[in-house]
Amino acid sequence: MNIELDYPLKSLNSFGMDVYARKFAGFTTLEDLQELHTTQKEFNQGFILGGGSNILFTKNVDGLVLKNEIKGIEILKEEGDDVYIRAGAGEPWHSFVLYCIEHGFAGIENLALIPGQVGASPMQNIGAYGVEIKDVFYCLDAYHKEDGKMHTFYNGDCEFGYRESVFKRKFKNQFIINRVTLKLSKKPNYHIEYGAIRQQLNEMGIKDLSIRAVANAVMAIRSAKLPDPKIVGNAGSFFKNPEIDIAKFEDLKKEFPQIMGYPVSNGFVKIPAGWLIEQCGWKGYREGDAGCHPLQALVLVNYGKATGEDIFLLSEKIVNSVFQKFTVQLEREVNIL
Ligand code: FAD
Ligand code: EPU
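This write-up is about the structure you can find in this document.

1. A word on the packing of aromatic side chains
Within this structure, the stated rule accounts for 17 aromatic pairs. When the ring of Tyr7 is compared with that of Phe24, the centres are 4.1 Å apart and the planes differ by 15 degrees; the resulting orientation is stacked. Here the residue Tyr7 occupies a position in strand S1 (residues 4-8), and Phe24 occupies one in strand S2 (residues 20-27), the gap between them amounting to 17 residues. A relative accessible area of 25% means that Tyr7 is categorised as partly exposed. Relative to Tyr285, the ring of Trp282 has its centre 4.9 Å away and its plane inclined at 85 degrees; by these criteria the two rings are edge-to-face. We classify Trp282 as buried; its relative accessible area is 11%. Taking the relative accessible area as the measure of exposure, Tyr285 reaches 29% and is therefore partly exposed. A network of ring pairs unites the aromatic residues Phe153, Phe167, Phe171 and Phe175 as a single cluster. One cation-aromatic arrangement involves Lys270 over Tyr162; the distance from NZ or CZ to the ring centre is 3.4 Å.

Now the structure itself:
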């Protein structure tokens, strides 16, 4: 296997951070991975890289970066309208969504155009426009970095939450996800309740709803407000939308009547962090090449030469000012390295 030394990661992370990995290896099979496990002393501490679209590198990686490139899409079985479909972790997520749409398999059309690879999708339970991967997730197969065995995790084992899973918490850095199986359906269950989708479908003159039409609407909305990382470095939403208890929400509403909130579980309300950040005056702010996007305040951007440290420092200022104004603590969604 080819081990690269001092390998540039700039084109492998969507923020475009100009950092290096002391050691780097890509793997396309389980056998490659096992070989890396037995030959590389840094294997257990190795960092797994997917598409690099949810990472902020603040420094060079002084260790081993393992890039998961396991490919392949297989239809495992069909049972009535249900379809069990498995994809390799190294498949680009959006191509997988398009593959499912072409085959008439419904369930992930609202997740079109999310960057990154299939393997990372359960890590933070990717979500958009009223759907999360947990809604269609069946199981995944992951390699344990210590015991060198493959383990299967079913939906209930993953402890999915809003941008959360067991792989970000108690099993953090322990498993390498190699394959993901979804349970999709040949009978669509459309999720167009998200206001902007309905409006977009109307604007597109769609009369007959289809999963392709929903995906096209989602893609149009996303393209209009999220910066394309090929043009401006970013990692999507930098922070999570905070969930606060209803009493606190009611207090905030007295002081800030325009504040929005969506009830979630157990008496909590989710409030849009983009709105909080905008209210603090950050939207469109730029400091050197680090900035807060002019169309979506939740997205921090690298206009070219910002370092990970520059972006992180800007995020600190945003966290502090949102806390000062609203006494709401923002939590970063992006993985900081
Ligand atoms: P990476 O960034 O490479 O990795 C993310 C984390 O997962 C790291 O901790 C890494 O170690 C780990 N990891 C990656 N692959 C594996 C693996 N095979 N096994 C174990 N660990 C692994 N996210 C959403 O949820 N919804 C959105 O709407 C959304 N929109 C976005 C829009 C833009 C413009 C951008 C740039 C990002 C957006 N994201 C969104 C965030 C991002 O696309 C997702 O989090 C995506 O799943 C990250 O995939 P990745 O392959 O790039 O992961
Ligand atoms: N808003 C503002 N100002 C802003 C940005 C947003 O007031 O600068 C308001 C909007 O007007 C809207 C509300 O905030 O009323 C929500 O905005 P939007 O629909 O754009 O979604 P979001 O909450 O900012 C979340 C996800 C996105 C996902 C979209 C669509 C998180 C952290 N982010 O963003 O995911 O694509 O909803 O479902 O939950 C990502 O994770 O990287 C990501 C892009």
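From this point, things continue past the structure.
2. Things to note about the environment of Lys225
With respect to the secondary-structure elements, Lys225 resides in helix H4 (residues 211-225). With a relative accessible area of 36%, Lys225 lands in the partly exposed category. Those residues in contact with Lys225, other than ones at most four positions away along the chain, are Tyr129, His293, Leu295 and Gln296.

3. Some details on the pattern of salt bridges
Summed over all chains, the structure comprises 22 salt bridges. The closest approach of N and O atoms between Lys134 and Glu132, which form a salt bridge, is 3.4 Å. A residue is classified by how much of its surface remains accessible, and Lys134, at 30% relative accessible area, is partly exposed. Between Glu316 and Arg332 there is a salt bridge; the shortest N-O distance is 2.5 Å. You can see Glu316 sitting in helix H7 (residues 308-326) and its partner Arg332 sitting in the loop between H7 and strand S20 (335-336), a full 16 residues away along the chain. Judged by relative accessible area, Arg332 falls into the partly exposed class, the value being 22%. Within the structure, one salt-bridge network assembled from shared partners comprises Glu159, Glu164, Arg169, Lys170, Lys240 and Glu331.

4. Some points on the site of ligand 2
Around ligand 2, the structure places 23 residues, and the nearest of them are Tyr129, Tyr162, Glu278, Gln296 and Glu333. Between an oxygen atom of ligand 2 and a side-chain N or O atom of Asn241, the distance comes to 2.8 Å. One of the side-chain N or O atoms of Glu278 is found 2.7 Å from a nitrogen atom in ligand 2. Across the complex, the protein chains shield 82% of the 830 Å² of accessible surface that ligand 2 would expose by itself. Mapped onto the shell around ligand 2, the elements with two or more residues apiece are H4, strand S13 (233-237) and helix H6 (273-279). By residue number, the principal contributor to the shell around ligand 2 is H6, which donates three residues. Its residues assigned to classes, the shell around ligand 2 shows eleven nonpolar, five polar and seven charged. Among the domains, domain 2 (73-185) and domain 3 (233-336) are the pair contributing at least three residues each to the shell around ligand 2.

5. Here's the deal with the packing of helix H2 (residues 93-102) against H4
Look at H2 against H4: their axes get within 9 Å of each other, and the N-to-C directions meet at 150 degrees. If you check the angle between H2 and H4, you find them roughly antiparallel. For the crossing formed where H2 meets H4, the hand is left-handed. Contact residues: H2 offers His94, Cys100, Ile101 and Glu102, while H4 offers Ile211, Arg212, Ala215 and Met219. Each residue belonging to the contact of H2 with H4 can be placed in one class, and the counts come to five nonpolar, one polar and two charged.

Thresholds, definitions, all that
- Residues numbered from 1 in each chain as written.
- Chains lettered and ligands numbered in written order.
- Predicted model: local features only at pLDDT ≥ 70, side-chain atom pairs only at ≥ 80, totals over all residues.
- Heavy atoms only, no water.
- Phe/Tyr/Trp six-rings, centres within 6.5 Å; stacked < 30°, edge-to-face > 60°.
- Helix = DSSP H or I, 4+ residues; strand = E, 2+ residues; numbered from the N terminus.
- Buried < 20%, exposed > 50% of the residue type's maximum accessible area, 1.4 Å probe, protein only.
- Lys NZ or Arg CZ within 6 Å of the ring centre and 35° of its normal.
- Contact = heavy atoms within 4.5 Å.
- Salt bridge = Lys/Arg side-chain N within 4 Å of Asp/Glu carboxyl O.
- Near = heavy atom within 4 Å.
- Polar contact = N/O pair within 3.5 Å; in protein donor to acceptor, adjacent residues only side chain to side chain.
- Areas by Shrake-Rupley, 256 points an atom, 1.4 Å probe, with all protein chains shown as cover.
- Nonpolar A, V, L, I, M, F, W, Y, C, P; charged D, E, K, R; others polar.
- Domains from an automatic or database assignment.
- Axes fitted to C-alpha atoms, helices over the stretch in contact; angles between N-to-C directions.
- Parallel < 35°, antiparallel > 145°, perpendicular 65-115°, else oblique.
- Left-handed = near helix turned anticlockwise from the far one by under 90°.

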